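Given next are the chains, with one letter for each unit.
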Amino acid sequence: MKKYIHKLILLGGLLALGASCDSEAELTTLKAVSFPSAIQVSSSSLVLTEDTADNTALLISWPQVTFPIAAPVTYAIQFDLIGDTSGANAWQKAKRIEVGSDVLSKSFIERDLNKIATDLGLEPNVAGKLVVRVEAAMDRKIYSDPVTLTVTPYEKSVVFGEIYMPGSYQGWAIETAAALTAIQKGIYQGYMTVAVGAGPGFKLNTARNWAQFYGAGDTNTDLKNMSDTDFSLPGSGSYQIKVNLNTSKWSFTPYAWGIVGPATATADQTATDANYGWNHSVPMSYDHQAKTWKVTANLLPGALKFRLDDKWDVNYGPADASTNTINKDNGNAYTINEAGTYEVTFTINETDPATTGYPATATCTIVKK
């Protein structure tokens with residue numbers, strides 16, 4: 001009898017082992033996944049120029065990759081030098097751009113592609129080689145075959161100069177008008193606040209005089225030399241203004257730094273929302289002559305820090321609360337110890353945040369009046 005029992009135990013073990021092997025055979029990591037066809041590029045030879053920096057330079061598209069699991073596939077694009085795509089450290093220096101889930105194409109403007117090329121080491125005004133491939137990820141990452149691009153990047157010009165923005169918001173005094181600073185060749189950017197009750201009209205002057213200026217053309221956003229028609233903003237508030245003399249256009253974006261934290265919230269506000277101070281910024285106004293953001297506010301004991309446009313995408317807190325230096329994306333805050341009226345300032349060197357990002361540090365003052 002023992003002989004038969006031992007045989008049954010052995011048979012059961014073999015069946016269990018067989019079932020285990022079958023189960024493992026179903027694991028997705030053992031099933032081959034690949035790009036069904038090659039990726040496509042709109043051009044394999046690209047000459048980039050600063051004058052056309054906002055134009056689309058390259059479109060990359062690829063086929064859908066099917067994994068054994070029914071779930072979104074996340075795609076990314078990698079650029080690298082040919083010499084860095086082989087060996088033990090292959091693709092380790094690549095520039096990787098996240099594209100998103102189930103997205104099958106990505107376009108690049110000349111400015112962005114130029115930065116990728118120069119960051120990887122291509123010389124300006126000289127044709128060089130880059131390779132690009134697409135990454136597909138779910139339970140693992142797989143890659144397309146690379147495509148070689150010939151790219152001639154440009155060297156970004158060092159730009160200087162300002163234009164000026166006299167208007168109703170400051171009494172049309174050209175001597176004290178807000179300055180817009182050159183951020184690229186022919187492109188100027190600055191910040192200003194229209195106070196409640198101030199008119200929305202303004203002009204754009206090339207010097208601090210009225211010898212030459214621009215007013216509105218066929219539309220409010222068209223620049224027309226020596227036009228008597230004022231440009232117009234929507235009304236009170238703070239704005240980022242951008243003027244492109246290359247295209248004779250201007251644009252505006254609502255834009256304001258603010259203070260945020262429990263120190264900014266009243267008892268009535270926290271009674272209905274305990275986190276009101278963290279959820280609602282108090283906007284600051286831009287002092288275009290001092291080139292700093294300011295607010296005078298009644299503060300309560302509690303924490304205070306700074307963020308942009310009433311969102312947490314860009315925020316600053318002090319790494320060391322004993323100093324006036326504040327650090328990007330730092331989770332710390334200043335502590336207001338005594339209730340009262342305070343003047344708070346925030347000063348930041350925003351050269352061209354859309355292209356270069358926001359600086360690592362800014363400065364502030366918090367003074368009880």
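Quantities reported herein were computed from a predicted structural model and do not represent experimental measurements.

### Some details on the layout of surface pockets
Next up, step 1: Computed from the structure, the largest pocket encloses a volume of approximately 350 Å³.
Next up, step 2: Along its surface, the largest pocket is lined by 17 residues, and Thr181, Tyr191, Tyr286, Lys291 and Glu350 are the ones closest to its centre.
Next up, step 3: Elements with a contribution of two residues or more to the lining of the largest pocket: β11 (178-184) and β12 (187-194).
Next up, step 4: Per element, the largest residue contribution to the lining of the largest pocket is five residues, and it comes from β11.
Next up, step 5: Its residues placed into classes, the lining of the largest pocket shows eight nonpolar, seven polar and two charged.
Next up, step 6: Of the domains in this structure, domain 2 (162-254) and domain 3 (257-368) are the two that each give at least three residues to the lining of the largest pocket.
Next up, step 7: Approximately 210 Å³ is the volume found for the second largest pocket.
Next up, step 8: Lining the second largest pocket, in full, are Glu50, Ala53, Arg111, Asp112, Asn114, Lys115, Thr118, Tyr154, Lys156, Gln184, Thr355 and Thr356.
Next up, step 9: Contributions of two or more residues to the lining of the second largest pocket are made by α2 (110-120) and α5 (353-356).
Next up, step 10: Tallied by class, the residues present in the lining of the second largest pocket amount to two nonpolar, five polar and five charged.

### As for the domain arrangement of the protein chain
Next up, step 1: The domains assigned to the protein chain are domain 1 (40-152), domain 2 (162-254) and domain 3 (257-368).
Next up, step 2: Relative placement of domain 2 and domain 3: their C-alpha centres are 27 Å apart.
Next up, step 3: Each partner contributes to the interface: domain 2 provides 15 residues, whereas domain 3 provides 13 residues.
Next up, step 4: Between domain 2 and domain 3 lies a buried interface of about 1000 Å² when both sides are counted; carbon and sulfur atoms form 50% of it.
Next up, step 5: Remark: the boundary between domain 2 and domain 3 carries one salt bridge.
Next up, step 6: The salt bridge partner of Lys291 is Glu162, with a shortest N-O separation of 3.7 Å.
Next up, step 7: Connecting domain 2 to domain 3 are two residue pairs in polar contact (both at pLDDT 80 or more).
Next up, step 8: Elements represented by at least two residues in the side of domain 2 that touches domain 3 include exactly β11, β12 and β18 (237-244).
Next up, step 9: For the side of domain 2 that touches domain 3, a count of residues per class yields seven nonpolar, seven polar and one charged.

### Some remarks on the pattern of salt bridges
Next up, step 1: The tally for this structure, following the rule as stated, stands at 13 salt bridges.
Next up, step 2: Among the charged side chains, a network of salt bridges with common partners joins Lys95, Lys115 and Asp119.

### What about the packing of aromatic side chains?
Next up, step 1: According to the stated counting rule, one finds 19 aromatic pairs in the structure shown.
Next up, step 2: Aromatic rings pair up to connect Phe202, Phe231, Tyr239, Trp250 and Phe252 into one cluster.
Next up, step 3: The ring centre of Phe108 lies 5.6 Å from the NZ or CZ of Lys106, which sits over that ring.
Next up, step 4: The ring centre of Trp312 lies 4.6 Å from the NZ or CZ of Arg307, which sits over that ring.

### Looking at the nonpolar core
Next up, step 1: Ranked by size, the top nonpolar core spans 33 residues in total, and within it Ile60, Trp62, Ile77 and Phe79 carry the most contacts.
Next up, step 2: Listed by contribution, the elements that provide at least two residues to this core are β3 (56-61), β4 (74-80), β5 (95-101), α2, β7 (128-137) and β9 (147-152).
Next up, step 3: Excluding anything up to four places from it in sequence, Ile60 contacts Ile39, Gln40, Val41, Ile77, Phe79, Leu104, Ser105, Lys106, Phe108, Val132 and Val134.

### Comments concerning the pairing of strand β28 (residues 340-347)
Along any regular strand, the residues point their side chains to alternate faces of the sheet.
Next up, step 1: Two elements, strand β23 (residues 292-299) and β28, share seven bridges in a ladder whose sense is antiparallel. Within β28, the position partnered with Asn298 by the bridge is Thr341.
Next up, step 2: With six bridges joining them, β28 and strand β29 (residues 361-368) adopt antiparallel strand pairing. Paired with Thr347 across the two strands is Thr363, which belongs to β29.

### A short note on α2
Next up, step 1: All buried positions along α2 are accounted for by Glu110, Arg111, Leu113, Asn114, Ile116, Ala117 and Leu120.
Next up, step 2: Where α2 terminates, the next one or two residues include Gly121, which has phi positive at roughly 110°.

### Notes on the confidence of the model for the protein chain
Low-confidence regions, as indicated by low pLDDT, have predicted coordinates that should not be scrutinised in detail.
Next up, step 1: In this model, the protein chain carries a mean pLDDT of 91, and residues with pLDDT of at least 70 account for 92%.
Next up, step 2: Here residues 1-29 is a poorly scored stretch, pLDDT under 50, and it has ten contacts once near neighbours within four places are set aside; other chains count.

### Thoughts on the sheet that holds β3
Next up, step 1: Taking strand neighbours across the sheet as the criterion, the three strands line up as β1-β3-β6 in an open arrangement whose pairing is antiparallel. Each having just a single partner strand, β1 (40-41) and β6 (105-109) make up the two edges of the open sheet.
Next up, step 2: Running over the sheet, α2 touches β3 and β6 and is turned about 85° from β6.

### Brief notes about the side chain of Thr150
Next up, step 1: Checked against the element boundaries, Thr150 lands in strand β9.
Next up, step 2: Engagement of the side chain of Thr150 in a polar contact is seen with the side chain of Lys129, the distance being 2.8 Å.
Next up, step 3: Setting aside its immediate chain neighbours within four residues, Thr150 contacts Ser44, Ser45, Leu46, Ala127, Gly128 and Lys129.

### Re the UniProt feature "domain: SusE outer membrane protein" (unreviewed entry) in the protein chain
Next up, step 1: According to UniProt, the feature "domain: SusE outer membrane protein" (unreviewed entry) maps to residues 34-134 in the numbering used here.
Next up, step 2: Along residues 34-134 one finds 11% helix and 37% strand; the C-alpha atoms at either end are 11 Å apart.

Thresholds applied
Residues numbered from 1 in each chain as written. Predicted model: local features only at pLDDT ≥ 70, side-chain atom pairs only at ≥ 80, totals over all residues. Heavy atoms only, no water. 1 Å grid on protein atoms, 1.4 Å probe; cavity = no way out; pocket = protein on both sides within 12 Å on 5 of 7 lines; lining within 4 Å. Points joined across faces, edges and corners; volume = space filled by probe spheres on them. Helix = DSSP H or I, 4+ residues; strand = E, 2+ residues; numbered from the N terminus. Nonpolar A, V, L, I, M, F, W, Y, C, P; charged D, E, K, R; others polar. Domains from an automatic or database assignment. Contact = heavy atoms within 4.5 Å. Buried area = accessible area lost by both parts, 1.4 Å probe. Salt bridge = Lys/Arg side-chain N within 4 Å of Asp/Glu carboxyl O. Polar contact = N/O pair within 3.5 Å; in protein donor to acceptor, adjacent residues only side chain to side chain. Phe/Tyr/Trp six-rings, centres within 6.5 Å; stacked < 30°, edge-to-face > 60°. Lys NZ or Arg CZ within 6 Å of the ring centre and 35° of its normal. Core = buried A, V, L, I, M, F, W, Y, C linked by side-chain atoms within 4.5 Å. Buried < 20%, exposed > 50% of the residue type's maximum accessible area, 1.4 Å probe, protein only. Pairing = 2+ DSSP bridges. pLDDT = per-residue confidence, 0-100. Axes fitted to C-alpha atoms, helices over the stretch in contact; angles between N-to-C directions. UniProt positions renumbered as here; feature names shortened; annotations may be inferred.

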